[in-house]
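So the chains spell out like this:
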Amino acid sequence: MSSTLPAALKRDVIDEATRPDGKVRCASCRKHFPRPHVQVDHIEPEWLAPDKAHDRDNLQVLCAPPSTRGCHAEKTAREARQRARRARRSEWSPLRLVAPAILTYSIVMALGFGVVALGGGDTGAFVSDIALGPYLWGMVGFLALLFALRPLTALVKWWLGAEARTPSKPAEPAVAPPPVDPSVRMKARIEAAAREAVKSTKGVVSVADLALDDSGRLLSFDVHYDDTGAPDHSGEWRVGFMEMITAKIDDGRWLATWQTGNDLVKIRRRPDLAARIPHPGFAADKPWYLIPVANEVTYDLRVTSHILVVGATLAGKTSLMRSIIESLLHAARHGDAQVWLGDPKLIELMAYRKREGVGRLATSDEDLWDLAIDTHAEMMRRYGMIEREEATEDDFPPLLVFIDEYEEYVRRMEDYFITSGKKTKAGMKCTAVQAMKSVLAMARKCRIHIVIGTQRPDSSWFGGAARDNLQGRACVGAATAELSRMCFGDSSYGRDVPMKLKGRTTFQIGDGKPVEDQAWWTPDARRLEFAGDDAILARLGQ
């Protein structure tokens, strides 16, 4: 009769009977079973004690294994038999009055007839004997009364319709189930999901340090999976673990901080960020080497010499790229920095063609080729002067080179390398692409810094040393497992970014942990999209 119990009350009863290994003890046979193979039932049946229907002390956990007859099934069958016997005793009819009377009369008359026959008397006169008849009939009536007292009472009630005329007793109000603490319920749900995600019978999985706000909204909690042997070194496993946990919570987005050495993950609610944050502009005294791109993210070219920006179409990558270019141009306007731009798609950077601080804007094959060759030549010139002790590293003005759609840039340069006749022998590699790889590896100490934008980095040029040289990374929008592994060395970062959040970016600065933030919105001067875009451009000096 456990079907009328609230689900939350059932879970609480089962949780109290659950051992650390996740199995539940049966209150009857004292054996242990998995959670799906137990049922919550009343100790005293509900039909005998309706006032204890939701009494926590009147509940117990009984085993209900699928393959054998468990304690729950036996108790249910036993109670069914008790109720059937009680129902039969209460069902009386006129036949139950007549049958005992006839039986009693027959027995008495047979005994009397036998006594007369054994004594040699006249059995024919036995029935009509005036003196003996009253005593026998009195005995018959007395015995019949004893046997028929209860059925007689039932007959009178049935005949007079007393039960029909008696007003029914009003039903007692249902006993409200005891209140359940929301944190206890949420903790049980998270622990169940964590055990399912760990998939191990070893160790202990537990949830601790739940923090809720005043409205009962969950803010953070810790999951311990001590000695379970969980493969927490795998980024894919961590992603699956968080998907199962957050599916049970089903409220907001969550950030996991893993302490794999302690078998612990700290999970907290991600802050609610605006879907679009206008670029606030720059302070006049901003150093050239600082590139702010979000409220909590600023790249320092002294730490991250080169920056890689990755993002699919419509994810908001172009706006982030414009923010970086504006920071570079600010450095050129307020100092002696030089800014060179490369635009293989011809029209993405048209708005910067006549902007103050832009030293060159390369769009044609020849100009894009010269951009790479000249950058490499400038690097070698500076190192030559340093080697001859004609200058120091700090004597050169910063050269900030920006190339958008780098994958398209590599393709165009390789085609140009072949068609222009610059390839003079078999097996010779594209000179421009090799020059950019050399710049990425060597240019940091002579104040040459590269910013590369692409939709998807290719392993042929973004692997090993190339990735190590691009220590500033930004992945705009949701990342695939391969892209996350290529950008951050771990397939678990940036995987849960919703597609609808344009400009939501996973940033990494140097060796720090990747962080998620909303990149500033910087409009295109050629096409204003939102109200207030002109005010943003005014703050940026356009």
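No experiment lies behind these values; they were computed from the predicted model shown. (Residues numbered from 1 in each chain as written. Predicted model: local features only at pLDDT ≥ 70, side-chain atom pairs only at ≥ 80, totals over all residues. Heavy atoms only, no water.)

Caption draft 1: Structural view of the nonpolar core. Grouped together as the largest cluster of nonpolar side chains are 35 residues, with contacts concentrated most on Tyr409, Met413, Ile448 and Ile450. Of all the secondary structure elements, the ones that give two or more residues to this core are β12 (307–311), α10 (365–387), β15 (399–403), α11 (406–419), α12 (431–442), β16 (448–454) and α14 (481–488). Sort the elements by how many residues they give to this core and α11 lands first, with 6 residues. Ile448 has contacts with His306, Thr375, Glu378, Met379, Arg382, Leu399, Val439 and Ala443, leaving out every residue within four places of it along the chain. Core analysis: the second largest hydrophobic core is formed by 33 residues, Ala294, Ile325, Ala332 and Leu361 among them. (Core = buried A, V, L, I, M, F, W, Y, C linked by side-chain atoms within 4.5 Å. Buried < 20%, exposed > 50% of the residue type's maximum accessible area, 1.4 Å probe, protein only. Helix = DSSP H or I, 4+ residues; strand = E, 2+ residues; numbered from the N terminus. Contact = heavy atoms within 4.5 Å.)

Caption draft 2: Quick look at the pairing of β16. A large share of β16 lies buried, amounting to 7 of its 7 residues. Sheet topology note: the β12/β16 ladder contains 4 bridges and is parallel. Along β16, the bridge assignment pairs Val309 with Gly453. Alignment of β15 against β16, held across 5 bridges, turns out to be parallel. Note that in β16 the partner of Ile403 across the bridge is Ile452. (Pairing = 2+ DSSP bridges.)

Caption draft 3: Broad picture of the sheet that holds strand β6 (residues 218–226). Spatially, β5-β6-β8-β7 is the arrangement adopted by the 4 strands of the open sheet, whose pairing is antiparallel. Of all strands in the sheet, those bounded by a partner on one side alone are β5 (204–212) and β7 (254–259). The mean angle between the axes of side-by-side strands here comes to 15°, regardless of whether they run parallel or antiparallel. Note that β5 and β6 share 7 bridges and pair antiparallel. By the bridge assignment for β6, Val207 is matched with Val223. Where helix α7 (residues 182–198) meets the sheet, its contacts fall on β5 and β6, and the angle it forms with β5 comes to roughly 145°. (Axes fitted to C-alpha atoms, helices over the stretch in contact; angles between N-to-C directions.)

Caption draft 4: Quick look at the layout of surface pockets. Quantified by volume, the largest pocket comes out at close to 960 Å³. Residue lining of the largest pocket: 32 residues in total, with Trp254, Leu255, Ala256, Arg270 and Asp496 positioned closest to the centre. Counting only elements with at least two residues in the lining of the largest pocket, the list comes to α8 (235–249), β7, β18 (504–509) and β19 (515–518). In terms of residue class, the lining of the largest pocket is made up of 13 nonpolar, 7 polar and 12 charged. Its boundaries defined by the atoms lining it, the second largest pocket holds a volume of some 720 Å³. Lining the second largest pocket are 33 residues, and of these Leu314, Gly316, Thr318, Ser319 and Arg322 lie nearest its centre. At the level of secondary structure, the elements contributing two or more residues to the lining of the second largest pocket comprise α9 (317–333) and β20 (520–521). (1 Å grid on protein atoms, 1.4 Å probe; cavity = no way out; pocket = protein on both sides within 12 Å on 5 of 7 lines; lining within 4 Å. Points joined across faces, edges and corners; volume = space filled by probe spheres on them. Nonpolar A, V, L, I, M, F, W, Y, C, P; charged D, E, K, R; others polar.)

Caption draft 5: Highlighting the packing of α7 against α8. Axis separation between α7 and α8 bottoms out at 9 Å; the angle between their running directions is 155°. Between α7 and α8, the angle is such that the two are roughly antiparallel. Where α7 crosses over α8, the handedness of that crossing is right-handed. Two secondary-structure elements touch here, α7 through Met186, Arg189, Ile190, Ala193, Ala194, Glu196, Ala197 and Val198 and α8 through Trp237, Phe241, Met244, Ile245, Lys248 and Ile249. Looking at side-chain class alone, the contact of α7 with α8 contains 11 nonpolar, no polar and 3 charged residues. (Parallel < 35°, antiparallel > 145°, perpendicular 65-115°, else oblique. Left-handed = near helix turned anticlockwise from the far one by under 90°.)

Caption draft 6: The environment of Arg238, seen in detail. Assignment of secondary structure puts Arg238 in helix α8. A residue is classified by how much of its surface remains accessible, and Arg238, at 9% relative accessible area, is buried. Separated by 18 residues in the primary sequence, Arg238 and Ala256 have C-alpha atoms spaced 9.0 Å apart.

Caption draft 7: Structural view of the sheet that holds strand β14 (residues 358–362). Read across the sheet, 8 strands follow the order β14-β13-β15-β16-β12-β17-β18-β19 without closing on themselves; strand pairing throughout is mixed. In the strand order of this sheet, the two ends are held by β14 and β19, each with one partner. Taking each pair of neighbouring strands and ignoring which way they run, the sheet shows an average axis angle of 15°. In the sheet, strand β17 (residues 472–476) pairs with β18 via 5 bridges, with the strands oriented antiparallel. Looking at β18, one finds that Val476 is bridged to Thr505. Sheet contacts for α10: β13 (338–342), β14, β15 and β16; angle to β13, the most-contacted strand, approximately 145°. Contacts from α12 reach β15 and β16 within the one sheet, and its direction differs from that of β16 by about 120°.

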